[in-house]
Amino acid sequence: MGDARQKWIVKTVSLAFDCPASMVEDCIREHSAQSLLTGFFGGEPTGATRIIFYKQKRDRVNDDGELYENGSPEELFITSGDADRLKGRGVFFVRVCDKAVGAATVDTDINCGLIEGLPVANLQSLVNDVYTPVLKSSFAGWDKKMQREAKDDLYGVVDRFSTMLGDVVASLENGLELKKPSAGIAIENTPAAIAKAAADQKY
């Protein structure tokens with residue numbers, strides 16, 4: 001595999017999943033993977049701006065359009081993230097430049113990171129490591145018609161949202177201890193006792 005950009009991705013994914021580099025190489029040799037990578041590296045407006053590697057059981061779609069696991073073994077695959085749901089750990093790569101990714105600048109043209117654990121923590125990671133860098137890099141010139149004040153307001157909203165997510169993650173990780181009810185309002189765990197308490201206005 002002579003492409004330095006693909007070698008960099010192979011090494012990163014291999015380390016993240018603690019799997020042989022050959023497994024990642026086999027994954028990206030598939031036609032669909034090469035098509036996704038070509039658009040991702042190329043910098044074209046129609047190309048993917050992000051790719052994600054999952055190592056998990058693939059989902060299938062039933063006749064009702066619902067996702068389900070069909071009992072297939074766990075596998076490593078690449079996706080744009082639009083359809084496949086994450087069930088464990090994912091390694092994401094985001095192009096933060098509006099040009100072709102260079103072999104010598106791959107580690108600055110692309111941001112990468114892990115998605116795992118709490119959904120809220122994943123969202124915070126995406127905001128900090130994906131959306132914020134893309135916004136501030138003026139990707140595809142999206143902000144050319146915006147005034148400086150409007151851009152600063154947008155960045156401020158994103159930063160406050162990230163801070164709020166961080167507070168939520170911290171509260172979930174530290175736990176929440178509720179005050180124990182006093183002995184006077186303890187209710188026996190029986191249907192009759194619960195019904196009686198429900199009718200009593202002092203509860």
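Here is a short report on the structure shown in this document. Given the structure is predicted, the values throughout are model-derived calculations rather than measurements. (Residues numbered from 1 in each chain as written. Predicted model: local features only at pLDDT ≥ 70, side-chain atom pairs only at ≥ 80, totals over all residues. Heavy atoms only, no water.)

**What about the overall build of the chain?**
Summing up its helical and strand segments, the chain has 7 helices and 6 strands in all. Each helix (α) and strand (β) of the chain, taken in turn from the N terminus, gives the series α-α-α-β-β-β-β-β-α-β-α-α-α. The buried share of the chain, reckoned over its 203 residues, is 32%. In the chain, once contacts between residues fewer than 6 apart in sequence are set aside, the share between residues at least 24 apart is 58%. (Helix = DSSP H or I, 4+ residues; strand = E, 2+ residues; numbered from the N terminus. Buried < 20%, exposed > 50% of the residue type's maximum accessible area, 1.4 Å probe, protein only. Contact = heavy atoms within 4.5 Å.)

**A look at a nonpolar patch on the surface**
A contiguous nonpolar surface patch, about 300 Å² in accessible area, is contributed by Leu123, Phe161, Met164 and Val168. With 3 residues, the top contributor of residues to the nonpolar patch is helix 6 (residues 148–174). Residue position: leucine 123 is located in helix 5 (residues 119–136). The exposure class of leucine 123 is partly exposed, given its relative accessible area of 34%. (Patch = residues over 30% accessible without salt bridge, like charges linked within 9 Å, V, L, I, M, F, W, Y side chains within 5 Å. Areas by Shrake-Rupley, 256 points an atom, 1.4 Å probe, with all protein chains shown as cover. Salt bridge = Lys/Arg side-chain N within 4 Å of Asp/Glu carboxyl O.)

**Brief notes about the pairing of strand 5 (residues 90–95)**
With respect to burial, strand 5 is a largely interior element, 6 of its 6 residues being buried. Residue alternation in strand 5 divides its side chains into two sets, Gly90, Phe92 and Val94 and Val91, Phe93 and Arg95, and both sets are buried. With 5 bridges connecting them, strand 1 (residues 50–56) and strand 5 associate as antiparallel partners. The residue bridging phenylalanine 53 from the neighbouring strand is valine 91, located in strand 5. (Pairing = 2+ DSSP bridges.)

**What about the nonpolar core?**
Across soluble globular proteins, nonpolar side chains have a tendency to be buried as a group. Ile9, Val13, Ile51, Phe53, Ile78 and Phe93 are the most contacted members of the largest nonpolar core, which has 25 residues in total. Those elements that provide at least two residues to this core are helix 1 (4–17), helix 2 (21–29), helix 3 (31–42), strand 1, strand 4 (75–79) and strand 5. Within the second largest apolar cluster, 8 residues are counted, among which are Ile52, Phe92, Ile115 and Val130. (Core = buried A, V, L, I, M, F, W, Y, C linked by side-chain atoms within 4.5 Å.)

**Topic: the packing of helix 2 against helix 3**
Remark: helix 2 packs on helix 3, axes separated minimally by 5 Å, with the N-to-C direction vectors making an angle of 85 degrees. Here helix 2 is positioned roughly perpendicular relative to helix 3, judged by the angle of their axes. For the pair helix 2 and helix 3, contact is made by Cys27, Ile28 and Arg29 and by His31, Ala33, Gln34 and Leu37, respectively. Residues that form the contact of helix 2 with helix 3 fall into these classes: 4 nonpolar, 2 polar and 1 charged. (Axes fitted to C-alpha atoms, helices over the stretch in contact; angles between N-to-C directions. Parallel < 35°, antiparallel > 145°, perpendicular 65-115°, else oblique. Nonpolar A, V, L, I, M, F, W, Y, C, P; charged D, E, K, R; others polar.)

**A few points about the packing of helix 1 against helix 3**
It is the contact of helix 1 with helix 3, at a shortest axis distance of 12 Å, that shows an interaxial angle of 115 degrees. If you check the angle between helix 1 and helix 3, you find them roughly perpendicular. Of the two elements, helix 1 crosses helix 3, and the hand of that crossing is right-handed. Taking contact as the criterion, the partners of Arg5, Gln6 and Ile9 in helix 1 are, on helix 3, Gln34, Leu37 and Phe41. Of the residues that constitute the contact of helix 1 with helix 3, the class distribution is 3 nonpolar, 2 polar and 1 charged. (Left-handed = near helix turned anticlockwise from the far one by under 90°.)

**Brief notes about the pattern of salt bridges**
Proximity of charged atoms lets side chains of opposite charge pair with each other. According to the stated counting rule, one finds 7 salt bridges in the structure shown. The shortest N-O distance in the salt bridge between arginine 29 and glutamate 25 comes to 3.9 Å. Taken together, the residues arginine 29 and glutamate 25, both in helix 2 and 4 residues apart, mark about one turn of the helix. You can call glutamate 25 partly exposed: its relative accessible area is 23%. Ionic pairing is found between glutamate 75 and arginine 58, a salt bridge with its closest N-O pair at 3.7 Å. Linking glutamate 75 in strand 4 with arginine 58 in the loop between strand 1 and strand 2 (59–61), this pair joins segments that are 17 residues apart in sequence. One network of salt bridges, in which partners are shared, links Glu25, Asp26 and Arg29.

Don't take any of this as a statement about function, it's just geometry.
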